Amino acid sequence: MVTVHEQYEAYPYPERDPADEAKRLITGSPSHPLEMDHFLWGGCRDWSQPLRLLVAGGGTGDGLIQLAQVMKSAGKPCEITYVDLSTASRAVAEARAKARGLDTITFHSGSLLDAANYGQFDYIDCCGVLHHLPEPAEGFAALRAALAPGGGLGFMVYAPYGRSGVYPLQEAFGALFDGLPPQERLTKAREIVASLPAGHPFAANTNLTDHQQSDAGFYDLLLHGQDRAYDVPDLLEVMAQTGWRLQSFATPALYDLSRITTRPEGMDDAQAMATAEKLRGTIKMHVVYAVPSEDDRKIAKGSNRALIPHLRGVAAGPLAQAVAKGKPLPLTLSGTKTTLTLPKDCAPLIAAIDGRRSLGQIATATGLDPLSFGTRWAKIERELADWGMLLFSTLGR
Ligand SMILES: C[S@@+](CC[C@H](N)C(=O)[O-])C[C@H]1O[C@@H](n2cnc3c(N)ncnc32)[C@H](O)[C@@H]1O
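As the structure is a prediction and not an experimental result, all values here were calculated from the model. (Residues numbered from 1 in each chain as written. Predicted model: local features only at pLDDT ≥ 70, side-chain atom pairs only at ≥ 80, totals over all residues. Heavy atoms only, no water.)

S.K.: Please clarify how the pairing of strand S4 (residues 121–127) should be interpreted in this entry.
M.R.: A regular strand places its side chains so that they alternate between the two faces of the sheet. Most of S4 is tucked away: six of the seven residues are buried. As paired strands, strand S1 (residues 51–56) and S4 are joined by three bridges and run parallel to one another. Directly across from leucine 53, in S4, lies its bridge partner tyrosine 123. Across six bridges, S4 lies against strand S5 (residues 147–158) in parallel orientation. Bridged to cysteine 126 within S5 is phenylalanine 155. Running through helix H5 (residues 136–145), the crossover from S4 to the neighbouring parallel element S5 is right-handed. (Buried < 20%, exposed > 50% of the residue type's maximum accessible area, 1.4 Å probe, protein only. Helix = DSSP H or I, 4+ residues; strand = E, 2+ residues; numbered from the N terminus. Pairing = 2+ DSSP bridges. Right-handed = clockwise from strand over helix to strand, strands pointing away.)

Put into structure tokens, the structure is as follows:
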């Protein structure tokens, strides 16, 4: 068997070229500071206080570089600890940080199971790692032990339905290629995958593209020796067992049953989210913000008019123009296609979002009375925030 460590030494994932840092910044979820503030700190973190960050299983550095660069660009203090088993992945992450002149990161080669030995952290990023541990619960518990009071965790684990077809192939390849080195496995598996019939569950699964993008992507998806997926009930269970509570999915609308069909009366939240996952059918990963079980903090809501809204993935001007013309706004996320619709009178509020004005200031700028503002803002928030396109944060202040 190729161990997880050996795999990521042979195929650091995702495949990245440090020279590309000059051209673009990769951003995403979890672990964008705006998103962290929105879900974990009520949208009003005091960013003058240094943020202690752990990137657990940081790989080739996507989450790490995003965190370090966004904090640097915002001029906010932080100390980042990177830990990964793979020295080859670490070398790529270090080169990317160097290319950007990011000097807030300390690199370690080691296991996240020892996370608490590196300190106590206000935020822990663990993207695409826990489902590769022999005992994922041990990983969740180790990260919990490294969390400082008031902190939170952003993580991603695989989800089963959007990955349909993957696990039978992983098992078959595991049985076929036992004892072979990674490169030989890859060559043989590529041949087999190329000749799968169109109706094979993997070939028919259009949600999955990693195997088409790079050798590392193919290996990670189909030749992994240690990989499991979590449906919503399994996820809630492992979190509860290890001292975590689901604060929110990064895009709660995906799990909102009432956006798909009528939610039966009396159905609890956990069952409703589990049912939504089954009905969506295309969710291939869960992106989650978690807090300690006993912590009852709330996510940011616009009922607090001191909060500062930010748009993500769309610029205020073009969005406001489209809304003003009554245009429907198509959105595709995790294989789900939806259309956002906002009344035309929401356009001036959207146009006033600039990442610096508070909601109170936007209300004043638009000259609306509190009732009219509140009605319009509630529609904007419901449409945009739950799809991850609107976040509250004081980061830009
Ligand atoms: C799929 S990659 C994800 C990398 C990165 N977090 C990202 O999202 O791009 C998984 C990473 O987890 C690392 N890893 C696996 N088990 C680990 C452990 N016990 N401790 C630290 N890193 C681990 C691997 O070496 C690999 O770099």
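Continuing now.
S.K.: I keep staring at the side chain of glutamine 170 and nothing clicks. Help me out?
M.R.: Within the secondary structure layout, glutamine 170 lies in helix H6 (residues 166–176). At 2.8 Å, the side chain of glutamine 170 and the backbone oxygen of leucine 221 are in polar contact. Beyond its immediate sequence surroundings of up to four residues, glutamine 170 is in contact with Arg163, Asp220, Leu221, Leu222, His224 and Asp227. (Polar contact = N/O pair within 3.5 Å; in protein donor to acceptor, adjacent residues only side chain to side chain. Contact = heavy atoms within 4.5 Å.)

S.K.: Explain the layout of surface pockets here, please?
M.R.: A water-sized probe, rolled over the atoms, reveals where empty space remains. If you add up the space inside the second largest pocket, you get close to 400 Å³. Every residue lining the second largest pocket is counted, 17 residues in all, and those nearest its centre are Ser248, Pro252, Tyr255, Asp269 and Met273. Secondary structure elements with two or more residues in the lining of the second largest pocket: strand S6 (244–249) and helix H11 (269–280). It is S6 that provides the largest number of residues to the lining of the second largest pocket, a total of four residues. For the lining of the second largest pocket, a count of residues per class yields nine nonpolar, three polar and five charged. (1 Å grid on protein atoms, 1.4 Å probe; cavity = no way out; pocket = protein on both sides within 12 Å on 5 of 7 lines; lining within 4 Å. Points joined across faces, edges and corners; volume = space filled by probe spheres on them. Nonpolar A, V, L, I, M, F, W, Y, C, P; charged D, E, K, R; others polar.)

S.K.: Teacher, can you tell me more about the domain arrangement of the protein here?
M.R.: A common way to state how big an interface is: give the accessible area lost once the parts meet. What the domain assignment reports for the protein is domain 1 (4–161 + 227–292) and domain 2 (309–392). Computed over C-alpha atoms, the centres of domain 1 and domain 2 are 27 Å apart. Domain 1 puts 19 residues into the contact, and the matching count from domain 2 is 14 residues. Counting each side, the surface lost to burial between domain 1 and domain 2 is near 1400 Å², with a carbon and sulfur contribution of 54%. (Domains from an automatic or database assignment. Buried area = accessible area lost by both parts, 1.4 Å probe.)

S.K.: Which parts of the structure should I look at to understand the environment of alanine 347?
M.R.: For alanine 347, the position within the fold is in helix H13 (residues 347–351). The exposure class of alanine 347 is buried, given its relative accessible area of 7%. Measuring from C-alpha to C-alpha, the distance between alanine 347 and alanine 324 comes to 5.2 Å, with 23 residues separating the pair along the chain. Sequence-distant contacts of alanine 347, that is, excluding residues within four places in its chain, are made with Ala320, Val323 and Ala324.

S.K.: Would you mind going over the sheet that holds S5 with me for this structure?
M.R.: Pairing between the strands of a sheet comes from backbone hydrogen bonds, and it takes one of two forms, parallel or antiparallel. On the basis of which strands lie adjacent, the open sheet formed by seven strands has the order S3-S2-S1-S4-S5-S7-S6 and mixed pairing. Each edge of the open sheet is held by one strand with a lone partner, namely strand S3 (105–109) and S6. Averaged over all adjacent pairs, the angle separating strand axes in this sheet is 20°, with direction ignored. Contacts between helix H2 (residues 33–40) and the sheet are confined to S1, S4, S5, S6 and strand S7 (285–292), with S7 contributing the most and set at about 55° to the helix. Against the sheet, helix H4 (residues 87–100) engages strand S2 (78–84) and S3, with an angle of about 170° to S3. (Axes fitted to C-alpha atoms, helices over the stretch in contact; angles between N-to-C directions.)

S.K.: How should I be thinking about H2 in this particular structure?
M.R.: Residues that lie three or four places apart on an α-helix share one face, since the helix turns once every 3.6 residues. A large share of H2 lies buried, amounting to eight of its eight residues. Turning to H2, its buried residues are Pro33, Leu34, Glu35, Met36, Asp37, His38, Phe39 and Leu40. The positive-phi residue at the C-terminal boundary of H2 is glycine 42, with phi of around 65°.

S.K.: Hey, could you run me through unusual backbone geometry in this one?
M.R.: Excluding glycine, residues mostly have negative phi values, and the peptide bonds linking residues are mostly trans. Tyrosine 13 connects to proline 14 through a cis peptide bond whose omega is -10°. With respect to the helices, strands and loops of the structure, proline 14 is situated in the loop between helix H1 (4–10) and H2. For the bond from serine 29 to proline 30, the omega torsion is 0°, close enough to zero to count as cis. Within the secondary structure layout, proline 30 lies in the loop between H1 and H2. We note that serine 31 has phi near 85°; this positive angle belongs to a residue other than glycine. Relative to the elements of secondary structure, serine 31 occurs in the loop between H1 and H2. Located in the positive-phi region is serine 334, a residue other than glycine, with phi close to 50°. Looking at the secondary structure, you find serine 334 in the loop between strand S9 (329–333) and strand S10 (336–340).

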